[in-house]
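Chains, contacts and geometry: an overview
Here is how the chains run, residue by residue.
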Amino acid sequence: MTEASSRVDQSKPSIARVYDYLLGGKDNYEADRAIGDKFKNDLPGSVAIAHANRQNLIRAVREIALAGIDQFIDVGSGLPTADNVHQVAQRHAPDARVVYIDSDPVVLAHGRALLEDNPSTRVIQADARDPRSIREHPDVTGLIDFERPVAVIHSAVLHHINDDEGPGAIVRYWQGQVPSGSHFFVSHFRSGDNPETLEAEAVLQAAFGRGRWRTDEEIRALFDGLEVLQPGIVASSLWRPDTTGALAGIRSAEHELTVWERLIVGGLARKP
């Protein structure tokens, strides 16, 4: 761990580090692993949510870059892992610029170490619930040209924002900051009205006091004012799945999905 991460209260779990643990990463502490193990051991199969979401993000960034957008704001980015947003984007758009935002100081430390040789990326510590502070941050204004289309990413973030904190207002704020043609990617826990949903939600609420599985209607409302692109807001494993290559393992038919894969959905939208 770095000097910055050594100052973190290791007794308190972090959402970013729990995700890191579930995805097989090593940048986590005992408190994070304890929460992750509740999912692994008490809710078998739930780790599929994290993996399905990550693969959905990778495919969405690829599609955004192929659409000609070369600026990305990744809100709640989490810890660096394989195929980060800038790696996927720059694979298809070499000049792509990416700003990562997370509230976890460990993310800041590890992200800056990873990206110190990449002049087209920045990592800032900020709270997704305060989008204005992100928009006005000098690292954002210095890298992102808001006169040109921007991709705004909220991957597995908005379900950690409680209703009274205004997740919809956060998306609407960003809509007002970017021009026509900008893209928005959102992935979100989907309520399945089943025991698995209730158990998983209870684990997050007990650990963090937040974690909201929302209905299809509530998730669709997050995209209000935007043009949702095909195939719509669907289970992450079904969002433009790869049929060949390294990512071909993602399931391609609704009836093949596990109950856990049905509990994470993703959608890509365009600002008219």
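The structure we're discussing is the one just above.
First, a word on scope: everything that follows refers to the structure included in this document. Note that the structure is predicted; figures quoted are calculated from it, not measured.

A look at the overall build of the protein
Regarding its fold elements, the protein presents 11 helices and 8 strands. Over its C-alpha trace the protein gives a radius of gyration of 17 Å, about what one expects of a compact globule, namely 19 Å for 272 residues. Reported as C-alpha extents along the three principal axes, the dimensions of the protein are approximately 45 × 45 × 40 Å. Going through the 272 residues of the protein one by one, you find that 55% of them count as buried. Within the protein, contacts between residues at least 6 apart in sequence are counted, and of these 72% link residues at least 24 apart. In the form shown here, the protein has an accessible surface area of approximately 11,700 Å², with 48% of it arising from carbon and sulfur atoms. For the protein, the centre of its 29 positive side-chain charges and the centre of its 39 negative side-chain charges are spaced 2 Å apart.

Considerations on helix H4 (residues 47-66)
Taking 1.5 Å as the rise per residue, H4 with 20 residues should run 28 Å; its terminal C-alpha atoms sit 29 Å apart, in good agreement. Counting buried positions along H4 yields 16 of 20 residues, so the element is predominantly enclosed. In the segment just after H4, Gly68 is the residue with positive phi, at about 100°.

Digging into the side chain of Thr197
Along the chain, the position of Thr197 falls in helix H10 (residues 195-208). Residues within four places of Thr197 in sequence aside, it is in contact with Arg190, Ser191, Gly192, Trp213 and Leu263.

Topic: helix H2 (residues 15-22)
Of all 8 residues making up H2, 7 are buried, and the element is well covered by its neighbours. Buried-residue contacts for H2 involve helix H3 (30-42), H4, strand E2 (97-102), helix H6 (105-115), strand E5 (183-189) and H10. Looking at where H2 begins, the residue whose side-chain oxygen comes 3.2 Å from the main-chain nitrogen of Ala16 is Ser14. Directly after H2, the chain includes Gly24, whose backbone phi takes a positive value near 90°.

Focus on the pairing of strand E1 (residues 71-75)
Of all the 5 residues making up E1, 5 are buried; the element is thus mostly covered by neighbouring parts of the structure. Every second residue of E1 is oriented toward a common face, with Gln71, Ile73 and Val75 on one face and Phe72 and Asp74 on the other, all of them buried. Across 5 bridges, the pairing between E1 and E2 is parallel. What sits directly across from Asp74, in E2, is Tyr100.

Re the pattern of salt bridges
Scanning all chains against the criterion turns up 16 salt bridges. A salt bridge links Asp127 to Arg129, with the shortest nitrogen-to-oxygen separation between them at 2.7 Å. For Arg132, the salt bridge is made with Glu136, and the minimal N-O distance between the two is 3.7 Å. Put simply, Arg62, Glu63, Arg240 and Asp242 are held in one network by salt bridges that share partners.

Comments concerning the packing of H3 against H10
The N-to-C vectors of H3 and H10 enclose an angle of 165°; their axes lie 10 Å apart at closest approach. The orientation of H3 with respect to H10, classified from their angle, is roughly antiparallel. Crossing handedness for the pair H3 and H10: right-handed. Between H3 and H10, the contacting residues are Ile35, Lys38, Phe39 and Asp42 on the first element and Glu199, Ala200, Val203, Leu204, Ala207 and Phe208 on the second.

Structural notes on the pairing of strand E8 (residues 264-270)
Across the 7 residues that make up E8, a large majority, 6, are buried. Relative to E8, strand E7 (residues 234-235) runs antiparallel, the two being bridged by 2 bridges. Paired with Ala235 across the strands is Val265, a residue of E8.

Digging into the packing of H4 against helix H5 (residues 85-92)
The geometry of a pair of packed helices is captured by two quantities: the angle between their axes and the separation between those axes. Two elements in contact, H4 and H5, have axes whose closest approach is 8 Å; the angle formed by their N-to-C orientations is 35°. Here H4 and H5 pass one another in a crossing that is right-handed. Across from Leu57, Ile58, Val61, Arg62, Ala65 and Leu66 in H4, the residues of H5 making contact are Val85, Val88, Ala89 and His92. In the contact of H4 with H5, the residues fall into 8 nonpolar, 1 polar and 1 charged.

A short note on the packing of aromatic side chains
Following the criterion strictly, the structure yields 2 aromatic pairs and no others. Between Tyr173 and Trp174, the ring centres sit 5.7 Å apart and the planes meet at 80°, which makes this aromatic pair edge-to-face. Across this residue pair, the class does not change: Tyr173 and Trp174 are buried. Plain terms: the ring middles of Phe189 and Trp213 are 4.1 Å apart, the flat faces sit at 20° to each other, and that makes the pair stacked. One end of the pair, Phe189, is in strand E5; the other, Trp213, is in the loop between H10 and helix H11 (216-221), with 24 residues separating them in the sequence.

Conventions used here
- Residues numbered from 1 in each chain as written.
- Predicted model: local features only at pLDDT ≥ 70, side-chain atom pairs only at ≥ 80, totals over all residues.
- Heavy atoms only, no water.
- Helix = DSSP H or I, 4+ residues; strand = E, 2+ residues; numbered from the N terminus.
- Rg over C-alpha atoms; globule rule 2.2 N^0.38 Å.
- Buried < 20%, exposed > 50% of the residue type's maximum accessible area, 1.4 Å probe, protein only.
- Contact = heavy atoms within 4.5 Å.
- Areas by Shrake-Rupley, 256 points an atom, 1.4 Å probe, with all protein chains shown as cover.
- Lys, Arg positive; Asp, Glu negative; His and termini not counted.
- Charge placed at Lys NZ, Arg CZ, Asp CG, Glu CD.
- Expected span 1.5 Å × (residues − 1).
- Polar contact = N/O pair within 3.5 Å; in protein donor to acceptor, adjacent residues only side chain to side chain.
- Pairing = 2+ DSSP bridges.
- Salt bridge = Lys/Arg side-chain N within 4 Å of Asp/Glu carboxyl O.
- Axes fitted to C-alpha atoms, helices over the stretch in contact; angles between N-to-C directions.
- Parallel < 35°, antiparallel > 145°, perpendicular 65-115°, else oblique.
- Left-handed = near helix turned anticlockwise from the far one by under 90°.
- Nonpolar A, V, L, I, M, F, W, Y, C, P; charged D, E, K, R; others polar.
- Phe/Tyr/Trp six-rings, centres within 6.5 Å; stacked < 30°, edge-to-face > 60°.

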